[in-house]
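Take a look at the letters that make up each chain.
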Amino acid sequence: MRAADIADDLTDVLVTEEQIHEKLRELAQQVAVDYEGKDLVLVGVLKGAIMVMSDFIRALPILVPLDFMAVSSYGASTKSSGVVQIRKDLDTDIHDKHVLIVEDIIDSGLTLSWLLENFASRGAASVEVLALLRKPEAAKVEIDCRYVGFDIPNDFVVGYGLDYNESYRNLRDVAVLAPHVYS
């Protein structure tokens, strides 16, 4: 589904599918260089990162295992509560491995900050972050994000895995959700 198909639900398209794919190819090339010869594991944060992870790993020119973790701090809200709930833990032992967390978006940074601490406590050799989107104005904690696709305004966005109440994930573009949809 494209943004034009649901234009009444959206106010602005921030990033198109084509721009996303181009950026993920660039980031994949950089990650391949940065992690050459290292024991790298990609960890996607469900559910939002599924699209990013899928397209990113296909763009990577190296073989790399992946795993997923499901955590939540949103529920049905449009704002992070900051209280992290683990819904699915890793299946992979990350001790002595280089972990690259693949995220759809860095909003407040609270959930990601918790993940970074959690993975460090599990003995990862290193933990870095790749985020398709980042909202600098929404940050409540500082996150050192090594790979960023796009900085976006502090609006509620949907698409490319990002949802509102489990809808809009299949939108191919990233767009601002109109307030009348969630008010």
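Residues numbered from 1 in each chain as written. Predicted model: local features only at pLDDT ≥ 70, side-chain atom pairs only at ≥ 80, totals over all residues. Heavy atoms only, no water.

Enquirer: Outline the sheet that holds strand β9 (residues 174–177), listing residues and values.
Expert: Each strand in a sheet pairs with its neighbour through backbone hydrogen bonds, running either in the same direction (parallel) or in the opposite one (antiparallel). Reading across the sheet, the three strands line up as β1-β9-β8 and stay open at both edges, with antiparallel pairing between neighbours. The open sheet terminates on both sides in strands that have one partner only, identified here as β1 (10–15) and β8 (157–158). The pairing of β8 with β9 spans two bridges and is antiparallel. Bridging from a neighbouring strand, Val-157 pairs with Val-176 of β9. (Pairing = 2+ DSSP bridges. Helix = DSSP H or I, 4+ residues; strand = E, 2+ residues; numbered from the N terminus.)

Enquirer: Tell me about the side chain of His-98, and name the residues and values.
Expert: With respect to the element layout, His-98 can be found in strand β5 (residues 98–106). For His-98, a relative accessible area of 18% corresponds to the buried category. Side-chain polar atoms of His-98 contact the side chain of Ser-126, separated by 2.7 Å. (Buried < 20%, exposed > 50% of the residue type's maximum accessible area, 1.4 Å probe, protein only. Polar contact = N/O pair within 3.5 Å; in protein donor to acceptor, adjacent residues only side chain to side chain.)

Enquirer: Requested: an account of the packing of helix α1 (residues 17–34) against helix α2 (residues 50–59), with residues and values cited.
Expert: A pair of packed helices is captured by two measures, namely the crossing angle of their axes and the spacing between those axes. Packing of α1 against α2 leaves a shortest axis separation of 8 Å and a crossing angle of 55°. Considering their axes alone, α1 and α2 lie oblique with respect to each other. Classified by chirality, the crossing of α2 by α1 is right-handed. Residue-level inspection shows His-21, Leu-24, Arg-25, Leu-27, Ala-28, Gln-29 and Val-31 of α1 in contact with α2, the latter providing Val-52, Asp-55, Phe-56 and Ala-59. Classifying every residue of the contact of α1 with α2 gives seven nonpolar, two polar and two charged. (Axes fitted to C-alpha atoms, helices over the stretch in contact; angles between N-to-C directions. Parallel < 35°, antiparallel > 145°, perpendicular 65-115°, else oblique. Left-handed = near helix turned anticlockwise from the far one by under 90°. Contact = heavy atoms within 4.5 Å. Nonpolar A, V, L, I, M, F, W, Y, C, P; charged D, E, K, R; others polar.)

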